[in-house]
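# Commentary on secondary and tertiary structure
So you can see what is in the structure, the chains are spelled out below.
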Amino acid sequence: MKENEVRASFEKKFGGDYRIFAAPGRINIIGEHTDYNEGFVLPAAIDKRIYVAIRPVNGSIVTINSVDFDQTINFNPEDELPDLPHWALYPFGVVKELQKQGLKPGAFEAAFGGDIPDGAGLSSSAALESAFATALNHLFDLGLSKMALAKTGQSAEHNYAGVRCGIMDQFASIYGRAGHVMKLDCRSLEYEYFPLDLGKYSLMLIDTRVKHSLAVSEYNSRRNDCEEGVMILQSQMPQVRSLRDVRPKDIYPYKGMMGEEIFLRCEYVTEENERVTETCKALTEGDLDRVGRLMYASHKGLRNKYNVSCAELDLLVDTARTVEGVLGARMMGGGFGGCTINLVKSENADTFRKVTKAAFFQKFGTEPAYYQVNTGDGAGESGK
Ligand code: GLA
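First, a word on scope: everything that follows refers to the structure included in this document. The structure displayed is predicted, hence computed values, not measured ones. (Residues numbered from 1 in each chain as written. Predicted model: local features only at pLDDT ≥ 70, side-chain atom pairs only at ≥ 80, totals over all residues. Heavy atoms only, no water.)

## Points about the layout of surface pockets
Taken as a whole, the largest pocket holds about 1100 Å³ of empty space. Lining the largest pocket are 49 residues, and of these Tyr90, Gly119, Ser123, Ser124 and Ser125 lie nearest its centre. Its residues placed into classes, the lining of the largest pocket shows 22 nonpolar, 18 polar and nine charged. Composition of the lining of the largest pocket by domain shows at least three residues from each of domain 1 (3-196 + 377-381) and domain 2 (201-373). Quantified by volume, the second largest pocket comes out at close to 300 Å³. (1 Å grid on protein atoms, 1.4 Å probe; cavity = no way out; pocket = protein on both sides within 12 Å on 5 of 7 lines; lining within 4 Å. Points joined across faces, edges and corners; volume = space filled by probe spheres on them. Nonpolar A, V, L, I, M, F, W, Y, C, P; charged D, E, K, R; others polar. Domains from an automatic or database assignment.)

## Side note on the site of the ligand
Around the ligand lies a shell formed by Arg26, Glu32, His33, Asp35, Tyr36, Cys165, Gly166, Met168, Asp169, Tyr219, Gly333 and Gly334. The separation between an oxygen atom of the ligand and a polar side-chain atom of arginine 26 is 3.1 Å. Between the ligand and glycine 334, the relevant distance is 3.4 Å, taken from an oxygen atom to a main-chain nitrogen or oxygen of the residue. Within the complex, 92% of the 310 Å² of free accessible area of the ligand lies under protein. (Near = heavy atom within 4 Å. Polar contact = N/O pair within 3.5 Å; in protein donor to acceptor, adjacent residues only side chain to side chain. Areas by Shrake-Rupley, 256 points an atom, 1.4 Å probe, with all protein chains shown as cover.)

## A closer look at the sheet that holds strand S9 (residues 201-211)
With respect to topology, four strands assemble into an open sheet ordered S10-S11-S9-S12, the strand pairing being antiparallel. Every other strand in the sheet has two partners, leaving strand S10 (326-331) and strand S12 (369-372) as the edge strands with one partner each. Geometrically, the sheet is characterised by an average inter-axis angle of 20° between neighbouring strands, direction not taken into account. Where S9 meets strand S11 (residues 337-345), eight bridges bridge the pair, whose relative direction is antiparallel. In the strand pairing of S11, methionine 204 is matched with asparagine 342. Helix H10 (residues 288-304) contacts S9, S10 and S11 of the sheet and is inclined by roughly 30° relative to S10. Taken strand by strand, helix H12 (residues 349-364) contacts S9, S10, S11 and S12, and its axis lies near 20° from that of S9. (Pairing = 2+ DSSP bridges. Helix = DSSP H or I, 4+ residues; strand = E, 2+ residues; numbered from the N terminus. Axes fitted to C-alpha atoms, helices over the stretch in contact; angles between N-to-C directions. Contact = heavy atoms within 4.5 Å.)

## Quick look at the pattern of salt bridges
One pass over the structure, following the stated rule, counts 28 salt bridges. In this structure, the salt-bridge partner of aspartate 169 is arginine 26, at a minimum N-O distance of 2.7 Å. Of this pair, aspartate 169 sits in helix H5 (residues 168-175) while arginine 26 sits in strand S1 (residues 19-28); the two residues are 143 residues apart in sequence, bridging distant segments of the chain. When sorted by exposure, aspartate 169 lands in the same class as arginine 26, which is buried. Its salt-bridge partner being glutamate 97, residue lysine 100 comes within 2.8 Å of it at the nearest N-O pair. Note that lysine 100 and glutamate 97 are positioned in helix H2 (residues 89-100) at a spacing of three residues, about one turn of the helix. In this structure lysine 100 comes out as exposed when scored by relative accessible area, which is 53%. Through salt bridges with shared partners, a single ionic network connects Glu38, Arg187, Arg241 and Asp245. (Salt bridge = Lys/Arg side-chain N within 4 Å of Asp/Glu carboxyl O. Buried < 20%, exposed > 50% of the residue type's maximum accessible area, 1.4 Å probe, protein only.)

## With respect to the packing of helix H6 (residues 215-236) against helix H9 (residues 260-284)
In contact at an axis separation of 9 Å, H6 and H9 are set at 95° when each is read in the N-to-C sense. The orientation of H6 with respect to H9, classified from their angle, is roughly perpendicular. Between H6 and H9, the contacting residues are Arg222, Asp225, Cys226, Glu228 and Gly229 on the first element and Glu261, Ile262, Arg265, Cys266 and Val269 on the second. (Parallel < 35°, antiparallel > 145°, perpendicular 65-115°, else oblique.)

Limitation: the analysis is restricted to geometry and does not speak to function.
Set out below in structure tokens:
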């Protein structure tokens, strides 16, 4: 088990007492690319986590050992941007973002590792940020609220990993509750837990195991497209602050002003927000057929209007449609690779795996990976 590996590594490298904190990755049922548009999302934390074994030390040097990369680095938190491997930018970013809030986390030594597959779109980076933010908050009594921890992780991602992400991933990692999905209003930051009761169905993830190199630049450029759309809408409707303020029908009159591409981006976001609300209603009513249809519709929008899918994801979703017992499928997360999320009747899961694996292999010559997902609790001290 990963937690034991992290403990063993800490003991070997540093010895002595320590505390251990953990933060999970996430799935998202629906509501993609809506978070940075002040819209709605419906994520859940999963039972795969990053574990951090940590203790405060005297002096000013932070030492962190990555069990998975088998690397140990040092930095002085006063440094502006030391030369660090990519993984270390996340904990470094968290420390810097805490400092920007006037807080003074002390020096520490830590070992971390996890079982969230990397590059699968399960937010291992948000889990890493959330795990360190939570650990430092406890270790140095910083007194930050859960929302402040989520925002600290998000800022670290913006300023040190260069992704202008929304709040969904860090929120899910901090607030997760086993057995539940969470509807988050990314404007007011109000949230509601919904029990995830799938009966004879389960959620399966299929990992394309590709991450196209455009992912970060395209992500940021979609965000710019939406901002441009909002500016145009604002020039006609001054009360509009974000795409959250408009419904699909409100934007059609401005299609000409926006141009085809910006219009499609905005149209997708307004439609996806409505789908999140409809999915919550369908979940409450136990109408899984409807949840599945909304997932397919979400994928269609991400593929044709938002343009963040790729051949590997599309093949998996197209194949899912042909298999009995599959109610819905869509790409999950930022796009350009990573996983699809599928709502599948449990008794059809084996056939589904076989059929998608064969179709994928035939087209791309590689095999995707399959993960059974369970929901889990949000970040906290392990064993407490
Ligand atoms: C990434 C970002 C999130 C969100 C999704 C797309 O996971 O980190 O904030 O925008 O993409 O829904």
